[in-house]
Amino acid sequence: MAVTQEQLEKLFGFAVEFAQDMLQKNGEFYPFGATLGLDGQIAAEGGYDGDDDHPSTQDVYVAVSDRLAAAGADGRIHAAALVANATVPDALEAPTRDAIRVRLEAEGFARFIYVPYEPSSEQTIRLHDPVLVDIDPAFFPA
């Protein structure tokens, strides 16, 4: 089954909304994932399964990335999103350096989507227009 643009937009929206909620509540978040299952349903992919109460952000990112890559390679999902709190590269000329970065992938589609953000008032995060960057696939290799 080919993934539709609408399904990718829903997966992206789910990921950004959750990240925005975490930023508003906690001011930060650990990397996490989301998937579009074979049944067409979107599901969250938890961050870290280890014993450490305070794992490094990099360890969490790698753990989630590895799980999403395995699920994509095995054909258990149609699309995946890996979400991190990131800094926008200067070359992209975003309005702020802080961003929610979503690695959004499906078969034949792979992008980093940076959503620059800034605090706008007490516990409110203002999102700016996304910045898109085509990347090599990691979860659905050709």
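Above this text is the structure in question.
Residues numbered from 1 in each chain as written. Predicted model: local features only at pLDDT ≥ 70, side-chain atom pairs only at ≥ 80, totals over all residues. Heavy atoms only, no water.

K.L.:
Looking at this structure, I do not really get helix α2 (residues 57-73). What am I missing?
P.N.:
Residues that lie three or four places apart on an α-helix share one face, since the helix turns once every 3.6 residues. Its 17 residues give α2 an end-to-end C-alpha distance of 24 Å, which sits within 8% of 24 Å, the value for a rise of 1.5 Å per residue. Considering only its buried residues, α2 is in contact with β1 (32-37), β2 (42-45), β3 (77-87), β4 (98-106) and β5 (109-121). Remark: Gly-75 follows α2 within two positions and exhibits a positive phi of approximately 75°. (Helix = DSSP H or I, 4+ residues; strand = E, 2+ residues; numbered from the N terminus. Expected span 1.5 Å × (residues − 1). Contact = heavy atoms within 4.5 Å.)

K.L.:
How should the packing of aromatic side chains be read in this particular structure?
P.N.:
Two descriptors summarise a pair of aromatic rings, namely the distance from one centre to the other and the angle between the planes of the rings. Counted under the stated rule, the structure contains three aromatic pairs. Centre to centre, the rings of Phe-18 and Phe-32 are 4.9 Å apart; their planes meet at 80°, and the pair counts as edge-to-face. In this pair, Phe-18 is assigned in helix α1 (residues 5-26) and Phe-32 in strand β1, connecting sequence segments 14 residues apart. Judged by relative accessible area, Phe-18 falls into the partly exposed class, the value being 38%. The ring of Phe-112 carries the charged tip of Arg-101 above its face, separated from the ring centre by 4.4 Å. Between the NZ or CZ atom of Arg-103 and the centre of the ring of Phe-139, over which it lies, the distance is 5.6 Å. (Phe/Tyr/Trp six-rings, centres within 6.5 Å; stacked < 30°, edge-to-face > 60°. Buried < 20%, exposed > 50% of the residue type's maximum accessible area, 1.4 Å probe, protein only. Lys NZ or Arg CZ within 6 Å of the ring centre and 35° of its normal.)

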